[in-house]
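# Tertiary structure, described
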Amino acid sequence: MDLKSYDISKQECIINFLNVERKVSFSDNGDIDVEPINDLNEQEEKDLFDEIMNDEKINKLFPYDS
């Protein structure tokens, strides 16, 4: 996964995961939305969310409370 760009005011970033650019949106309540996601199988979705949650750059840009 590569972080391509981000917009803190919109609480979103663009990542590259499995050679597809995906928009990741973060809500105030802690939800994460990824588009597109329908091309991923269940394991790939899990891997993607694990990578997002554990990425240092993303966590600094979009901190969340556990």
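Structure first, text after, so check above.
What comes next concerns the included structure.

### Some details on the overall build of the protein
- The helix and strand inventory of the protein stands at 2 helices and 4 strands.
- The globule rule puts the C-alpha radius of gyration for 66 residues at 11 Å, and the 11 Å found for the protein is close to it.
- If you line up the protein on its principal axes, its C-alpha atoms span 30 × 25 × 20 Å.
- Taking all contacts inside the protein whose residues are at least 6 apart in sequence as the whole, residues at least 24 apart take part in 30%.
- Counting every atom, the protein has about 4,700 Å² of accessible surface; 42% of that belongs to carbon and sulfur.
- Charged side chains of the protein number 7 positive and 18 negative; the gap between the two group centres comes to 6 Å.

### Section: the pattern of salt bridges
- Applying the stated criterion to the full structure yields 3 salt bridges.
- For Glu-12, the salt bridge is made with Lys-23, and the minimal N-O distance between the two is 3.8 Å. On the criterion of sequence distance, the pair formed by Glu-12 in strand β2 (residues 12-17) and Lys-23 in strand β3 (residues 20-26) is long-range, its members being 11 residues apart.
- In this structure, Asp-39 engages Arg-22 in a salt bridge whose closest nitrogen and oxygen atoms are separated by 2.9 Å. Of this pair, Asp-39 sits in the loop between β4 (32-35) and α1 (42-54) while Arg-22 is found in strand β3, placing the two residues 17 residues apart along the sequence.
- A relative accessible area of 0% places Arg-22 in the buried class.

Rules of the game
Residues numbered from 1 in each chain as written. Predicted model: local features only at pLDDT ≥ 70, side-chain atom pairs only at ≥ 80, totals over all residues. Heavy atoms only, no water. Helix = DSSP H or I, 4+ residues; strand = E, 2+ residues; numbered from the N terminus. Rg over C-alpha atoms; globule rule 2.2 N^0.38 Å. Contact = heavy atoms within 4.5 Å. Areas by Shrake-Rupley, 256 points an atom, 1.4 Å probe, with all protein chains shown as cover. Lys, Arg positive; Asp, Glu negative; His and termini not counted. Charge placed at Lys NZ, Arg CZ, Asp CG, Glu CD. Salt bridge = Lys/Arg side-chain N within 4 Å of Asp/Glu carboxyl O. Buried < 20%, exposed > 50% of the residue type's maximum accessible area, 1.4 Å probe, protein only.

Spatial relationships are all this shows, so hold off on functional conclusions.
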